Amino acid sequence: MIYILIAILLFISILIYFRIADHYNIIDHPNERSSHTNVTIRGGGIIFLLAAICVVVMHPGYWLPVSGILIIGIISFLDDIFTLSSRLRLIFHLMAVTIMFLYLNIFHAEPLYVCILLYIMVIGVINMYNFMDGINGITGVYSLVVLGGLQYVNLRQAAFIEPDMIWLPMLASGIFLYFNFRNKARCFAGDVGSVTIAFWIIMLLVKLIFITQNWGYILFLVVYGIDSVVTIAHRLLLKQNILKAHRMHFYQVLVNEQKFSHLWVSLGYALLQGIIILVIISLGLKTSSLFILTIIPLAIIYISLKPFIMKNTC
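Everything in this summary refers to the structure shown in the same document. (Residues numbered from 1 in each chain as written. Predicted model: local features only at pLDDT ≥ 70, side-chain atom pairs only at ≥ 80, totals over all residues. Heavy atoms only, no water.)

A short note on the layout of surface pockets
Of the pockets and cavities examined, the second largest pocket occupies roughly 330 Å³. Lining the second largest pocket are 16 residues, with Phe250, Leu254, Tyr269, Leu272 and Ile301 positioned closest to its centre. Elements with a minimum of two residues in the lining of the second largest pocket: α10 (222–237), α11 (250–257), α12 (262–283) and α13 (287–311). Residues that form the lining of the second largest pocket fall into these classes: 14 nonpolar, one polar and one charged. (1 Å grid on protein atoms, 1.4 Å probe; cavity = no way out; pocket = protein on both sides within 12 Å on 5 of 7 lines; lining within 4 Å. Points joined across faces, edges and corners; volume = space filled by probe spheres on them. Helix = DSSP H or I, 4+ residues; strand = E, 2+ residues; numbered from the N terminus. Nonpolar A, V, L, I, M, F, W, Y, C, P; charged D, E, K, R; others polar.)

Points about the nonpolar core
Ranked by internal contacts, the top residues of the largest apolar core, which has 100 residues, are Tyr129, Leu150, Phe199, Trp200, Phe220, Leu221 and Tyr269. Per element, the largest residue contribution to this core is 14 residues, and it comes from helix α9 (residues 190–212). If we skip the residues at most four places from it in the chain, Trp200 touches Phe48, Ala51, Ala52, Val55, Ile69, Met165 and Pro169. (Core = buried A, V, L, I, M, F, W, Y, C linked by side-chain atoms within 4.5 Å. Buried < 20%, exposed > 50% of the residue type's maximum accessible area, 1.4 Å probe, protein only. Contact = heavy atoms within 4.5 Å.)

Let's talk about the packing of helix α8 (residues 164–180) against α9
Where α8 meets α9, the axes come as close as 11 Å, and the angle between the chain directions of the two elements is 150°. Classified by the interaxial angle, the pair formed by α8 and α9 is roughly antiparallel. Between α8 and α9 the crossing geometry is left-handed. Taken together, the residues of α9 that come into contact with α8 (itself represented by Met165, Ile166 and Pro169) are Ile197, Trp200, Met203 and Leu204. Class assignment of the residues belonging to the contact of α8 with α9 gives a composition of seven nonpolar, no polar and no charged. (Axes fitted to C-alpha atoms, helices over the stretch in contact; angles between N-to-C directions. Parallel < 35°, antiparallel > 145°, perpendicular 65-115°, else oblique. Left-handed = near helix turned anticlockwise from the far one by under 90°.)

Examining the packing of aromatic side chains
Under the criterion given, the structure shown has 18 aromatic pairs. A centroid spacing of 3.7 Å and a plane angle of 0° characterise the contact between Tyr142 and Tyr224, whose relative ring orientation is stacked. Residue Tyr142 is found in helix α7 (residues 138–157), and its partner Tyr224 is found in helix α10; the two are separated by 82 residues along the sequence. Three or more aromatic residues joined by ring pairs form one cluster here, namely Phe11, Tyr17, Phe18, Phe77, Tyr178 and Phe179. Directly above the aromatic system of Tyr178 lies the positively charged group of Arg182, at a separation of 5.0 Å from the ring centroid. (Phe/Tyr/Trp six-rings, centres within 6.5 Å; stacked < 30°, edge-to-face > 60°. Lys NZ or Arg CZ within 6 Å of the ring centre and 35° of its normal.)

Remarks on the pattern of salt bridges
Enumeration according to the criterion identifies two salt bridges in this entry. Across the pair Arg42 and Asp28 runs a salt bridge whose closest N-O atoms are separated by 3.6 Å. In this pair, Arg42 is assigned in the loop between β2 (40–41) and α2 (46–58) and Asp28 in strand β1 (residues 27–28), connecting sequence segments 14 residues apart. Look at Asp28 and you get buried, because its relative accessible area is 18%. A salt bridge links Arg89 to Asp79; the shortest N-O distance between them is 3.6 Å. (Salt bridge = Lys/Arg side-chain N within 4 Å of Asp/Glu carboxyl O.)

Focus: α12
Since one α-helical turn is 3.6 residues long, residues separated by three or four positions face the same way. Taking 1.5 Å of rise per residue, the 22 residues of α12 would be expected to cover 32 Å, and the 32 Å separating its terminal C-alpha atoms lies within 8% of that figure. Where α12 is concerned, the buried positions are His262, Leu263, Val265, Ser266, Tyr269, Ala270, Gln273, Gly274, Ile276, Ile277, Ile280 and Ile281. Two or three places before Leu263, at the opening of α12, Ser261 has a side-chain oxygen 3.1 Å from that residue's backbone nitrogen. Phi turns positive one or two residues past the end of α12, at Gly284, with a value near 60°. (Expected span 1.5 Å × (residues − 1). Polar contact = N/O pair within 3.5 Å; in protein donor to acceptor, adjacent residues only side chain to side chain.)

Here we look at the packing of α7 against α8
Taken N-terminus to C-terminus, the directions of α7 and α8 make an angle of 155°; their axes are 9 Å apart at the nearest point. Between α7 and α8, the crossing angle belongs to the class labelled roughly antiparallel. In the crossing of α7 with α8, the sense of the turn from one axis to the other is left-handed. Contacts between α7 and α8 involve Gly140, Val141, Ser143, Leu144, Leu147, Gly148, Leu150, Gln151, Asn154 and Leu155 from the former and Ile166, Trp167, Pro169, Met170, Ser173, Gly174, Phe176 and Leu177 from the latter.

In structure tokens, the structure reads:
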């Protein structure tokens, strides 16, 4: 019953936000780098901030990680509205990640060099998730699959967190998808959506990894990871500025050049990641075997198909 009430609350809240966004012109205008052509409400991902507030109301003991979620989410929402400087965003991102590490007790458990590497990894994952949020449905369905895998591990294999810390973002993802998983989306997640859910997911993953000492769980994000890392390598080979916006991710080529449906590409990414998560959960292989079994095939597929697809669009 409590989840039904929360779902109703979140649903009504996002409808109210639509009215506010429409009144204050918080909208996304398509440009030459966009994968959409319609003016659409931006910032629908604010639903994840509302879900985080629900978590802390239900479980006050999680005030510290929720504080990190709210800090990174609010600065991202402000960036959606005002376009803040990258330096200011980075300061708040580092602040939120520091709170995450305090919650996970990383500063006491790990040496300085490990902490530095973890800062780089977490900030990198957050930015990766943000860059991958470019077509209808992809952030919502991908996050739903990853969170579902984490919840299965949490309930069946290695309890590592209060289940509501996973149920609530799953519920928020489902409601967001109702408005976003459409040929003409009613809203986009915005940075507040992609950055906030990225922070939430990486926090869960790092906690699971440190409790189980199994780094194989990082492969719960391997599909996004391969697309992001190999795309960066590709752009470096082309001598492009990797800090500038682009349309060279594999999913962008499929949608923009090959004219594949946003929804089918989003489902394809989520399905592929879901299969990998099932393999990780069910086979119980060593971390090295998991990396070989997932990273190498995905990289080969990417490297083989992308040039062929791009060539055929010229």
